[in-house]
Every structure is written in structure tokens, then in C-alpha cells.
Amino acid sequence: SRRRHTRYWRDWSSDVCSSDLERLVDALRAWRLERSRERQVPAYVIFTDATLESLAESRPVDEQDLLEISGIGPDKVARYGPEVLALLAESIRDDG
């Protein structure tokens, strides 16, 4: 269930600067919601929660890194890659 998955994520992330990771996942979710509204599709069609969590954890820096994340293929890299990478780069600057 979603609740169990969220609890697992929070327990796991508490070992790895959970507030930074949670802020980044929240920012990615907000971005995803905007894109899903623009495209008039459910948010999970853009990226699943698990994919957003993987993005926040691994913080890819280029398109090749994005392709290594489960749930992201060439089409999604082409469509969303530049925006996602910019958002991730901004979060790194904010954390640094």
C-alpha cells in the first residue's frame, strides 16, 4: 500500500539526511504535478513515486545517469530530462 511504501521510504531516508531528501522529493512531486496537469494525464504517467525517490537519492547529473534509473527511458529523458536535471542541480546548489 502507499502508506506502507511511504513509511519504508521515511525509515530508510532517515539515515541519509532525510530532510534534504524529503524536500527534494517534494519538489519533484510538485514539478510532476505541474507536468501532469499540463498534459492532462495522471501524475504517475510522468514518473512514479519510486522513480522520484530514486532521482532524489541518486541525484543524476546528466542524461546517461537518468537512463540508469528504473522507470526512465529514452522517451522520458527526451521529454523531461532537461527540466529534471535543472531541478536536481538547483537542489544541489541549495544544499551546498
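As a reminder, the structure under discussion sits directly above these lines.
Since we're looking at a predicted model, the values are computed, not measured. (Residues numbered from 1 in each chain as written. Predicted model: local features only at pLDDT ≥ 70, side-chain atom pairs only at ≥ 80, totals over all residues. Heavy atoms only, no water.)

Participant: Mind showing me how you'd approach the overall build of the protein chain here?
Facilitator: Each helix and strand in the protein chain was counted, giving six helices and zero strands. Starting at the N terminus and ending at the C terminus, the protein chain contains elements arranged as α-α-α-α-α-α. Burial statistics for the protein chain: of 96 residues in total, 32% are counted as buried. Counting contacts in the protein chain only where the partners sit at least 6 residues apart, residues at least 24 apart contribute 52% of the total. As displayed, the protein chain has an accessible area near 6200 Å², and 49% of this comes from carbon and sulfur atoms. (Helix = DSSP H or I, 4+ residues; strand = E, 2+ residues; numbered from the N terminus. Buried < 20%, exposed > 50% of the residue type's maximum accessible area, 1.4 Å probe, protein only. Contact = heavy atoms within 4.5 Å. Areas by Shrake-Rupley, 256 points an atom, 1.4 Å probe, with all protein chains shown as cover.)

Participant: Is there a simple way to explain the pattern of salt bridges in this structure?
Facilitator: Should the charged atoms of two oppositely charged side chains come close, the side chains can pair. Scanning the entire structure with this criterion turns up seven salt bridges. Between R29 and D49 there is a salt bridge, with its nearest N and O atoms 3.4 Å apart. Placement of R29 in helix α2 (residues 18-39) and of D49 in helix α4 (residues 49-58) is noted, with a sequence separation of 20 residues between them. Of the residues examined, R29 reaches a relative accessible area of 24% and is grouped as partly exposed. Residue class for D49 comes out buried when judged on its relative accessible area of 15%. Here E38 and R35 are joined by a salt bridge, their closest N and O atoms 3.1 Å apart. In this pair, E38 and R35 are both assigned in helix α2, three residues apart and thus about one turn of the helix distant. Looking at R35, the relative accessible area reads 12%, which means it is buried. Within this structure, R29, R32, D49 and E53 form a network of salt bridges that share partners. (Salt bridge = Lys/Arg side-chain N within 4 Å of Asp/Glu carboxyl O.)

Participant: Hey, could you run me through α4 in this one?
Facilitator: The α-helix advances 3.6 residues per turn, and as a result positions three or four apart in sequence lie on the same side. Those residues of α4 lying buried are D49, T51, L52, E53, L55 and A56. Positive backbone phi, at 45°, marks R59, one or two positions downstream of α4.

Participant: Looking at this model, I keep getting lost on the packing of α2 against α4. Mind explaining?
Facilitator: Geometry of a packed helix pair, given as the angle between the helix axes and the separation of the axes. Two elements in contact, α2 and α4, have axes whose closest approach is 9 Å; the angle formed by their N-to-C orientations is 130°. With respect to each other, α2 and α4 are oriented oblique. Taken as a pair, α2 and α4 cross one another with a handedness that is right-handed. Residue-level inspection shows L21, L24, V25, L28, R29 and R32 of α2 in contact with α4, the latter providing D49, L52, E53, L55, A56 and E57. Its residues placed into classes, the contact of α2 with α4 shows seven nonpolar, no polar and five charged. (Axes fitted to C-alpha atoms, helices over the stretch in contact; angles between N-to-C directions. Parallel < 35°, antiparallel > 145°, perpendicular 65-115°, else oblique. Left-handed = near helix turned anticlockwise from the far one by under 90°. Nonpolar A, V, L, I, M, F, W, Y, C, P; charged D, E, K, R; others polar.)

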